[in-house]
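Survey of secondary and tertiary structure
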Amino acid sequence: MSRLDSVLRRLQAQRDCLNLAIRLVRDLPGPVFELGLGNGRTYDHLRESYPDREIFVFERRVSAHVDCIPDAEHLFEGEIEETLDGALSRFAGTVALAHADLGSGHAVRDACTAAMISTKLT
Ligand SMILES: C[S@@+](CC[C@H](N)C(=O)[O-])C[C@H]1O[C@@H](n2cnc3c(N)ncnc32)[C@H](O)[C@@H]1O
């Protein structure tokens, strides 16, 4: 499979999973967490899907598309290992959906990050 096909397949799968999650929690109240802003594509998809819901974004260093940067009240800037605990104590038990896209392409590092996030969010 070419790398072009591979990236298309990954992004289609990500959108399908995100759309399913969006449907599943549509009637649940509460904010959404976007873990890893990146270019802002999935953040833009979330806010288009949930125009009336608060979305809080976690990102170590913002370098997203200029139209996809949240305001300061909705941005936790810094290492997620340092920002997530504070946010969770503020929003404990209220978060309707957390979308994590923190992948770096380093398998071991990404597995550690996924384990850390899962532990904190459950
Ligand atoms: C793959 S990108 C996210 C892409 C995004 N979902 C989009 O659609 O544009 C991953 C992002 O997570 C951020 N990130 C990775 N590990 C992080 C950490 N430990 N703390 C904060 N941000 C992190 C990176 O800086 C990067 O911007």
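Computed from a prediction, not measured in an experiment: that's the story for all the values here.

Things to note about the site of the ligand
Around the ligand there are 16 residues in total, and Asn39, Thr42, Glu59, Ile80 and Asp101 lie nearest to it. Take Arg41: an N or O atom from its main chain is 3.2 Å from an oxygen atom of the ligand. Glu79 places a side-chain nitrogen or oxygen 3.3 Å from a nitrogen atom of the ligand. Starting from 610 Å² of accessible surface for the ligand in isolation, the protein chains cover 82%. Contributing elements (two or more residues each) for the shell around the ligand: helix H2 (41–49) and helix H3 (80–91). Grouping the constituent residues of the shell around the ligand by class yields three nonpolar, seven polar and six charged.

Quick look at a nonpolar patch on the surface
There is a patch of nonpolar side chains on the surface, built from Leu4, Val7, Leu8 and Leu11 and spanning about 340 Å² of accessible area. Note that Leu8 resides in helix H1 (residues 3–24). For Leu8, a relative accessible area of 43% gives the class partly exposed.

Examining the pattern of salt bridges
Applying the stated criterion to the full structure yields three salt bridges. With a closest N to O distance of 2.7 Å, Glu79 and Arg60 form a salt bridge. Taken as a pair, Glu79 in the loop between strand E3 (75–77) and H3 and Arg60 in the loop between strand E2 (55–59) and E3 lie far apart in primary sequence, 19 residues in all. According to the relative accessible area criterion, Glu79 is partly exposed, its value standing at 29%.

Brief notes about the environment of Phe76
By the element assignment, Phe76 lies in strand E3. Sequence spacing of Phe76 and Phe56 is 20 residues, and the spatial spacing of their C-alpha atoms is 7.3 Å.

Describing the packing of H3 against helix H4 (residues 107–121)
Running from N to C, H3 and H4 point in directions that differ by 10 degrees, and their axes come no closer than 11 Å. The orientation of H3 with respect to H4, classified from their angle, is roughly parallel. Taking contact as the criterion, the partners of Ile80, Glu81, Leu84, Asp85 and Leu88 in H3 are, on H4, Met116, Ile117, Lys120 and Leu121. Classifying every residue of the contact of H3 with H4 by side-chain character gives six nonpolar, no polar and three charged.

Reading the values: the criteria
- Residues numbered from 1 in each chain as written.
- Predicted model: local features only at pLDDT ≥ 70, side-chain atom pairs only at ≥ 80, totals over all residues.
- Heavy atoms only, no water.
- Near = heavy atom within 4 Å.
- Polar contact = N/O pair within 3.5 Å; in protein donor to acceptor, adjacent residues only side chain to side chain.
- Areas by Shrake-Rupley, 256 points an atom, 1.4 Å probe, with all protein chains shown as cover.
- Helix = DSSP H or I, 4+ residues; strand = E, 2+ residues; numbered from the N terminus.
- Nonpolar A, V, L, I, M, F, W, Y, C, P; charged D, E, K, R; others polar.
- Patch = residues over 30% accessible without salt bridge, like charges linked within 9 Å, V, L, I, M, F, W, Y side chains within 5 Å.
- Salt bridge = Lys/Arg side-chain N within 4 Å of Asp/Glu carboxyl O.
- Buried < 20%, exposed > 50% of the residue type's maximum accessible area, 1.4 Å probe, protein only.
- Axes fitted to C-alpha atoms, helices over the stretch in contact; angles between N-to-C directions.
- Parallel < 35°, antiparallel > 145°, perpendicular 65-115°, else oblique.
- Contact = heavy atoms within 4.5 Å.

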